[in-house]
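Architecture at a glance
Listed here are the chains, written in short residue letters.
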Amino acid sequence: MKSKPFVRGLTTKLKKKKGRKLSSTTWLSRQLNDPYVREAGVRGYKSRAAFKLIEMDDRFQFLRQGLRVVDLGAAPGGWTQVALERVGTNGKVISLDKQEEWDGVPGAVCIKMDFTFDSAIEELLKASNGTVDIVLSDMAASSTGHAKTDHLRIMGLAEHAWDFASQILSPKGVFICKVLQGGAEDTLLKEIKKSFVNVKHVKPPSSRKDSSEMYLFAEGFKKL
Ligand SMILES: C[S@@+](CC[C@H](N)C(=O)[O-])C[C@H]1O[C@@H](n2cnc3c(N)ncnc32)[C@H](O)[C@@H]1O
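For clarity, every value in this text was computed on a predicted model and none was experimentally measured.

With respect to the packing of helix α3 (residues 50-60) against helix α4 (residues 78-87)
- The interhelical angle for the contact between α3 and α4, taken along N-to-C directions, is 40°, at an axis separation of 7 Å. Relative to α4, α3 is oriented oblique. The element α3 and its partner α4 pack so that their crossing is right-handed. Across the interface between the two elements, Ala50, Leu53, Ile54 and Asp57 of α3 pack against Gly78, Trp79, Gln81, Val82 and Arg86 of α4.

What follows is the structure in structure tokens.
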């Protein structure tokens, strides 16, 4: 399924407000003028992140009708919505996030739990009742403002997601996870290359240019 292109709107200028910090003004102004944020609202997606998955799937076409997907770090739920649309009613989406206030996404099996807890993998295995075809991870630890620390924390989550994916993926399965550039991402890429037919780093157009975020994309799982 290919996505519709979308049109850029006019620039919104923020009025000065007493007491608002410069960092909040910069964030708000970026949100208001971000075409992906606007389009996510128009299409009813819970996050602009939805477009990252749309763009990766338009390029690699892995989300197909009837497939079973696990979405890690799913809140607020843009990726889950896209996965549900593309796997259809014969497919299944199991989504997990640690945010306690998360409402979940109708149509998906939603688990509120920290993925690093031992019980999380047990819950996911129970919900999937067997293997799954795709494991997605957009998990991101909240930023400390220290690039090296943020990189290592996200890489820790990515390695954990890979450890889980290697247990649950069906042969020819797909694994995608968020990584931050900083050194350790190449070690993970090399490790994962042993288990898939095709592995690469990708930066979808909607991923902000000034962010060191990218995604590890792996297809054709070679189950031993
Ligand atoms: C960038 S957001 C995901 C956005 C999501 N893909 C979407 O489309 O709406 C990252 C998410 O990872 C979650 N996260 C970070 N560490 C986690 C962990 N240890 N266990 C579960 N979720 C985690 C955060 O709570 C946050 O909601």
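Here the narrative resumes, following the displayed structure.
Digging into the sheet that holds strand β5 (residues 169-180)
- A sheet is described by the order of its strands in space; here seven strands give the open sequence β3-β2-β1-β4-β5-β7-β6, paired in mixed fashion. Each edge of the sheet is formed by a strand with only one pairing partner; in this case those strands are β3 (109-112) and β6 (196-202). Averaged over neighbouring strand pairs, the angle between their axes works out to 10° when direction is ignored.
- For β5 and strand β7 (residues 213-221), the ladder comprises seven bridges, and the chain directions are antiparallel. If you follow Lys178 over to β7, its bridge partner there is Tyr215.
- Sheet strands touched by helix α5 (residues 118-128): β1 (68-72), β2 (92-97), β3 and β4 (132-137). Its angle to β2, the strand with the most contacts, is close to 165°.
- In this fold helix α6 (residues 147-168) packs onto β1, β4, β5 and β7, with an angle of close to 175° to the strand it touches most, β5.

Remarks on the pairing of β1
- Most of β1 is tucked away: five of the five residues are buried.
- With burial as the criterion, each face of β1 is covered, one bearing Arg68, Val70 and Leu72 and the other bearing Val69 and Asp71.
- Sheet analysis places β1 next to β2, joined by five bridges and oriented parallel. The partner of Leu72 across the bridge, within β2, is Leu96.
- Between β1 and its parallel partner β2, the chain crosses via α4, and the hand of that crossover is right-handed.
- Across four bridges, β1 lies against β4 in parallel orientation. Bridge pairing links Val70 to Val135 in β4.

Conventions adopted
Residues numbered from 1 in each chain as written. Predicted model: local features only at pLDDT ≥ 70, side-chain atom pairs only at ≥ 80, totals over all residues. Axes fitted to C-alpha atoms, helices over the stretch in contact; angles between N-to-C directions. Helix = DSSP H or I, 4+ residues; strand = E, 2+ residues; numbered from the N terminus. Parallel < 35°, antiparallel > 145°, perpendicular 65-115°, else oblique. Left-handed = near helix turned anticlockwise from the far one by under 90°. Contact = placed C-beta atoms within 7 Å. Pairing = 2+ DSSP bridges. Buried ≥ 20, exposed ≤ 12 C-beta atoms within 10 Å, placed from the backbone. Right-handed = clockwise from strand over helix to strand, strands pointing away.

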